[in-house]
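Summary of structural features
Read off the chains here:
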Amino acid sequence: MILVMLCVGFSYAQTVQPKLEKKGDLTIATYYHDNGEVAQKGTFNADGKLQGEWTSYDVEGNKLASATYDAGKKVGKWFFWEGNSLKEVDYENNSIVSVVEWSNDRTLVFRD
């Protein structure tokens, strides 16, 4: 699964500096790929924890993932796009509740 995509720490040297903008108690963050395309966008709360919607993009600007955090905890529905498939991961109390996967030829449903 591509759940690791939304980790904010990058393991490679980034030549394009991130843009951080303070808006009230939130910090709006935009991280970039080396080619200048947006890699991730989202916000941090006053405590520096992930807050609200985070979106991840590939080097061509295509959306890879959309996630929601509440004070650093995974909440709600997360979406992951990969090729011709879409995965919907539902989080409750920072744990996966269900996973639904759609593709052009089938729909798979997984529940814990």
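Here the structure is shown first, and the text comes after it.
The structure displayed is predicted, hence computed values, not measured ones.

Next up on the list: the pairing of strand β8 (residues 85–92). Along any regular strand the residues' side chains alternate between the sheet's two faces. Sheet topology note: the strand β7 (residues 76–82)/β8 ladder contains seven bridges and is antiparallel. Bridged to F80 within β8 is K87. Connecting β7 to the next strand, β8, in antiparallel fashion are two residues, including G83 with a positive phi near 60°. Both β8 and strand β9 (residues 95–102) contribute to a ladder of seven bridges, which runs antiparallel. Looking at the pairing, L86 lines up with W102 of β9. Taking the residues that link successive antiparallel strands as the turn, the β8-β9 hairpin has two residues, and the phi of N93 there is positive, at about 55°.

Moving on to the nonpolar core. If you look at the biggest cluster of nonpolar residues, it comprises 13 residues, and the most contacted ones within it are F44, W54, Y69, W78 and V89. Elements with a contribution of two residues or more to this core: β2 (26–32), β4 (50–57), β5 (63–70), β7 and β8. At three residues, the largest contribution of residues to this core is made by β5.

By the definition in use, this model includes two salt bridges. Between E88 and K77 there is a salt bridge, with its nearest N and O atoms 3.0 Å apart. Placement of the pair is E88 in strand β8 and K77 in strand β7, with a sequence separation of eleven residues. Judged by relative accessible area, E88 falls into the buried class, the value being 14%. You can call K77 partly exposed: its relative accessible area is 42%. Overlapping salt bridges bring together K77, E88 and D90 as one network.

Take the packing of aromatic side chains next. Tallied over the entire structure, the rule returns six aromatic pairs. When the centroid spacing of 6.4 Å and the interplanar angle of 25° are considered together, the rings of Y31 and W54 count as stacked. Separated by 23 residues along the polypeptide, Y31 in strand β2 and W54 in strand β4 bring together distant segments of the chain. Residue classification places Y31 among the buried residues on the basis of a relative accessible area of 11%. A relative accessible area of 1% means that W54 is categorised as buried. Taken together, a centroid distance of 5.3 Å and an interplanar angle of 75° make the contact between F44 and W54 edge-to-face. One end of the pair, F44, is in strand β3 (residues 38–44); the other, W54, is in strand β4, with ten residues separating them in the sequence. In this structure F44 comes out as buried when scored by relative accessible area, which is 15%. An aromatic cluster is built from Y69, W78, F80 and Y91, whose rings are joined through pairwise contacts.

Thresholds, definitions, all that
Residues numbered from 1 in each chain as written. Predicted model: local features only at pLDDT ≥ 70, side-chain atom pairs only at ≥ 80, totals over all residues. Heavy atoms only, no water. Pairing = 2+ DSSP bridges. Helix = DSSP H or I, 4+ residues; strand = E, 2+ residues; numbered from the N terminus. Core = buried A, V, L, I, M, F, W, Y, C linked by side-chain atoms within 4.5 Å. Buried < 20%, exposed > 50% of the residue type's maximum accessible area, 1.4 Å probe, protein only. Salt bridge = Lys/Arg side-chain N within 4 Å of Asp/Glu carboxyl O. Phe/Tyr/Trp six-rings, centres within 6.5 Å; stacked < 30°, edge-to-face > 60°.

It is worth stressing that arrangement in space is one thing and function is another; only the former is reported here.
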